[in-house]
Amino acid sequence: MEKLNHLKIIRVPIPTPTLLPHTTTNCYLIGNNQESILVDAGYDKVETKIELERAIRENDFAIPNSIILTHSHPDHAPGVRQLTDWTPVVYCHHLEKQATLTVISPWNEISFLNDNDSIKVAGEDINIIHAPGHTSGQLNLFIPSKRVLLAGDNIVAEGTSWIGPPDGDMTDYIHTLNRLKQLKLTKIGPGHGDWVLNTYEHIDFVLNRRLYRENQIKSLLKEHLQLTSTHLTKIIYEKLPHPSVFEVAKRTTEAHLIKLMKEGSVTQQDSYYSLKD
Ligand SMILES: [Zn+2]
């Protein structure tokens, strides 16, 4: 009798030029020696394939027959180009189709996964969640037998994800986090950094940070009457970790402003924002 080979989930950090403080992007192998899939493909560099195939060997996995991309950003999707000799089926959400095809070209075959889809890997169910926020077509995966959530860039291990237009939407993001909180979770596999074990605490930390930022923006607009998103960002982030992060921080501020405008508490005239009275 062959020994039962249970499903395993392995985090494989791939070196990438991503946003500080993170220096790697996580790929995840799910499966066993009979069948496996890969979640996210990292950066388009030979090291991506070397690292993945090392992890496959060390953990006794079959070569993945599918690659599921959580989103099309350059540190998550273009690594598909390095993995074409696996002849994988590549999946994304249909809202990321164009952006994904652009970054994985010349690979031009793509399949789609939708909210509430379920796939089987090594005999176990994996639930697909359409989890917009960081990007509109963000896909998250939930493995009920392990209570593991792979959260793409909706969750990062250190600090908070950046959410900015045009891809990101703060209203969607808050909805998504509240939905993910309903899952029975033991571990979250983030887009960057180590496994998150204090799952609910971490999601609450992110929700509270966003709420704090939103209130801060409202009180700054109250105090200054009108401000541009650049001014707001300069006041909010007095001590940015690195100057290269300013543009990203500004887009996160704008994502908050868009949410507040949708809710009717802020208005915009030219590049100035003010509280609606
Ligand atoms: Zn991203």
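Scroll up to find the structure this text is about.
All values reported here derive from a predicted model rather than from experimental measurement.

Asker: Help me out: how do you make sense of the pattern of salt bridges in this one?
Answerer: A side chain with one charge can pair with a side chain of the opposite charge if their charged atoms come near. Applying the stated rule across the entire model yields 11 salt bridges. Across the pair Arg 54 and Glu 51 runs a salt bridge whose closest N-O atoms are separated by 3.1 Å. Placement of both Arg 54 and Glu 51 in helix H1 (residues 46-58) is noted, with a separation of three residues, approximately one turn of the helix. Classification of Glu 51 by relative accessible area gives partly exposed; the value is 25%. Among the salt bridges present, the one from Asp 169 reaches Lys 262, with a minimum N-O distance of 2.9 Å.

Asker: Help me understand the sheet that holds strand E11 (residues 187-189), please; the structure alone is not making it clear to me.
Answerer: What links the strands of a sheet is backbone hydrogen bonding, and the strands pair in either a parallel or an antiparallel sense. Taking strand neighbours across the sheet as the criterion, the five strands line up as E7-E8-E9-E10-E11 in an open arrangement whose pairing is mixed. Only two strands of the sheet have a single partner each, and these edge strands are strand E7 (118-121) and E11. Taking the axes of each pair of neighbouring strands and ignoring which way they run, one obtains an average angle of 25° across the sheet. In terms of strand pairing, strand E10 (residues 148-150) meets E11 through three bridges, oriented parallel. Paired with Leu 149 across the bridge in E11 is Ile 188.

Asker: What's the story with the packing of helix H3 (residues 170-180) against helix H6 (residues 246-262) in this structure? I'm lost.
Answerer: Each packed pair of helices is defined by two parameters, the angle between the axes and the distance between the axes. Taken N-terminus to C-terminus, the directions of H3 and H6 make an angle of 90°; their axes are 8 Å apart at the nearest point. In terms of orientation, H3 lies roughly perpendicular with respect to H6. Taking contact as the criterion, the partners of Met 170, Thr 171 and Ile 174 in H3 are, on H6, Thr 252, Ala 255, His 256, Lys 259 and Lys 262. Of the residues contributing to the contact of H3 with H6, the split by class is three nonpolar, three polar and two charged.

Asker: When you look at the packing of helix H4 (residues 199-224) against H6 in this model, what are you seeing that I'm missing?
Answerer: Two numbers describe how H4 lies on H6: the axes approach to 10 Å, and their chain directions differ by 75°. As judged from the angle between their axes, H4 and H6 are roughly perpendicular. Contacts between H4 and H6 involve Arg 210, Arg 213, Glu 214, Ile 217, Lys 218 and Leu 221 on the former and, on the latter, Thr 252, Thr 253, His 256, Leu 257, Lys 259 and Leu 260. Taken together, the residues of the contact of H4 with H6 sort by class into four nonpolar, three polar and five charged.

Asker: What's the story with the nonpolar core in this structure? I'm lost.
Answerer: Nonpolar side chains in soluble globular proteins tend to be buried together. Of all hydrophobic cores here, the largest spans 23 residues; its most connected members are Val 12, Leu 29, Leu 38, Leu 52, Leu 69, Val 80 and Ile 104. Broken down by secondary-structure element, the contributors of at least two residues to this core are strand E1 (8-15), strand E2 (24-31), H1, strand E5 (89-92) and helix H2 (97-104). Setting aside residues no more than four positions away along its own chain, Leu 52 makes contact with Val 12, Ile 14, Cys 27, Leu 29, Leu 38, Leu 83 and Trp 86.

Asker: Would you mind going over the sheet that holds strand E4 (residues 66-68) with me for this structure?
Answerer: Taken in spatial order, the six strands line up as E1-E2-E3-E4-E5-E6 in an open sheet, and their pairing is mixed. The open sheet has two edge strands, E1 and strand E6 (111-112), and neither has a second partner. Two strands pair when backbone bridges link them, and E2 and strand E3 (residues 36-39) are joined in this way by four bridges, in the antiparallel orientation. Counted as the bridge partner of Ile 30 is Ile 37 from E3.

Asker: Would you mind showing me how to read H4 here?
Answerer: For H4, spanning 26 residues, the distance from its first C-alpha to its last is 38 Å, which sits close to the expected 38 Å at 1.5 Å a residue. Looking at H4, one finds that the buried residues are Thr 199, His 202, Ile 203, Val 206, Leu 207, Arg 210, Arg 213, Glu 214, Gln 216, Ile 217, Leu 220 and Leu 221. Where H4 is buried, its residues contact H3, E11, helix H5 (229-236), H6, strand E12 (266-269) and strand E13 (272-275). Looking one or two residues past H4, Leu 225 carries a phi angle of roughly 65°, positive in sign.

Asker: When you look at the coordination of the zinc ion in this model, what are you seeing that I'm missing?
Answerer: Around a metal, the ideal angle is 109.5 degrees if four donors adopt a tetrahedral arrangement and 90 or 180 degrees if six donors adopt an octahedral arrangement. Looking at the zinc ion, the protein donor atoms are His 71 (NE2), His 73 (ND1), His 134 (NE2) and Asp 153 (OD), and they sit 2.2 to 2.4 Å from it. Around the zinc ion sit four donor atoms, and with donor-metal-donor angles ranging over 87 to 173° the site reads as irregular. If you list the donors of the zinc ion from N- to C-terminus, the spacing comes out as H-x1-H-x60-H-x18-D. Placement of His 71 in the loop between E4 and E5 and of Asp 153 in the loop between E10 and H3 is noted, with a sequence separation of 82 residues between them. Each of the two residues, His 71 as well as Asp 153, counts as buried.

What counts as what
- Residues numbered from 1 in each chain as written.
- Predicted model: local features only at pLDDT ≥ 70, side-chain atom pairs only at ≥ 80, totals over all residues.
- Heavy atoms only, no water.
- Salt bridge = Lys/Arg side-chain N within 4 Å of Asp/Glu carboxyl O.
- Helix = DSSP H or I, 4+ residues; strand = E, 2+ residues; numbered from the N terminus.
- Buried < 20%, exposed > 50% of the residue type's maximum accessible area, 1.4 Å probe, protein only.
- Pairing = 2+ DSSP bridges.
- Axes fitted to C-alpha atoms, helices over the stretch in contact; angles between N-to-C directions.
- Parallel < 35°, antiparallel > 145°, perpendicular 65-115°, else oblique.
- Contact = heavy atoms within 4.5 Å.
- Nonpolar A, V, L, I, M, F, W, Y, C, P; charged D, E, K, R; others polar.
- Core = buried A, V, L, I, M, F, W, Y, C linked by side-chain atoms within 4.5 Å.
- Expected span 1.5 Å × (residues − 1).
- Donors = N, O, S within 2.8 Å, 3.2 Å for Na, K, Ca; no water.
- Tetrahedral: all angles 85-135°; square planar, octahedral: opposite > 155°, others 65-115°.

Note that all results are geometric; they support no functional claim without further evidence.
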